[in-house]
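One-letter residues, chain by chain:
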Amino acid sequence: MMYSLSHNSKESIRSKTGKTLKDITIENIMKGKISADDIKISKEALKKQGDIAKKHGRQQMQQNFNRASELTEVPDELILEIYDKLRPYRATKQELLEMARTLKNQYGAIDCGKMIEESALVYEKRGILKT
């Protein structure tokens, strides 16, 4: 069974802006003390959850959490653009490789960048790139 940070390490979990789970209440939301950014998960929380997954023999899940932690630094608009471009026939190989470079060089999202590079090669083999 997976170890849940929200149940077992509640005090140590902080949002991207530093709010604790204790701070994020309906009352604080209604008072305007909590913004959308306050409920975004932090890079550290995702890495901790990945470490727990690894400890339980779930290597793939750890890799997923690590990639997700990289994306906490990437603007939402860019994530949505990448998501759209990763659909079949939506991007050229060059566009995908450029997105991978941007993720790696501008945001330090090395694993996410590698995954998009691999996707570009697979899309090329399958003939599902934009022409």
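Please refer to the structure placed before this passage.
All values reported here derive from a predicted model rather than from experimental measurement.

(A) Region of the structure containing the overall build of the chain. Along the chain, the regular secondary structure elements total 7 helices and 0 strands. Element order for the chain, N to C, with α for helix and β for strand: α-α-α-α-α-α-α. A compact globule built from 131 residues would reach a C-alpha radius of gyration of about 14 Å, whereas the chain, at 18 Å, exceeds it by more than 25%. For the C-alpha atoms alone, the extent of the chain along its principal axes is close to 50 × 40 × 25 Å. In the chain, buried positions account for 30% of the 131 residues. Excluding contacts between residues fewer than 6 apart, the proportion of contacts in the chain whose partners are at least 24 apart in sequence is 53%. By element, 53% of the accessible surface of the chain is carried by carbon and sulfur atoms, the whole surface being about 8800 Å². Of note, the chain has its 25 positive side-chain charges centred 4 Å away from the centre of its 19 negative side-chain charges.

(B) Examining the environment of Leu-103 more closely. Within the secondary structure, Leu-103 is located in helix H6 (residues 93–107). According to the relative accessible area criterion, Leu-103 is buried, its value standing at 1%. Distance from Leu-103 to Lys-114, taken between C-alpha atoms, is 9.2 Å for residues 11 residues apart in sequence.

(C) Representation of a nonpolar patch on the surface in the model. Together, Ile-26, Ile-29 and Met-30 line one region of the surface with nonpolar side chains, adding up to about 360 Å² of accessible area. Within the element layout of this structure, Ile-29 appears in helix H2 (residues 26–30).

(D) Examining the nonpolar core more closely. Membership of the largest hydrophobic core comes to 15 residues, with the highest contact counts inside it found for Ile-82, Leu-96, Leu-103, Ile-116 and Tyr-123. Sorting the residues of this core by element identifies helix H5 (76–85), H6 and helix H7 (110–126) as the ones contributing at least two each. Once residues within four sequence positions are removed from consideration, Leu-103 is found in contact with Val-74, Ile-82, Gly-108, Ala-109, Cys-112, Gly-113 and Ile-116.

Cut-offs and rules
Residues numbered from 1 in each chain as written. Predicted model: local features only at pLDDT ≥ 70, side-chain atom pairs only at ≥ 80, totals over all residues. Heavy atoms only, no water. Helix = DSSP H or I, 4+ residues; strand = E, 2+ residues; numbered from the N terminus. Rg over C-alpha atoms; globule rule 2.2 N^0.38 Å. Buried < 20%, exposed > 50% of the residue type's maximum accessible area, 1.4 Å probe, protein only. Contact = heavy atoms within 4.5 Å. Areas by Shrake-Rupley, 256 points an atom, 1.4 Å probe, with all protein chains shown as cover. Lys, Arg positive; Asp, Glu negative; His and termini not counted. Charge placed at Lys NZ, Arg CZ, Asp CG, Glu CD. Patch = residues over 30% accessible without salt bridge, like charges linked within 9 Å, V, L, I, M, F, W, Y side chains within 5 Å. Salt bridge = Lys/Arg side-chain N within 4 Å of Asp/Glu carboxyl O. Core = buried A, V, L, I, M, F, W, Y, C linked by side-chain atoms within 4.5 Å.

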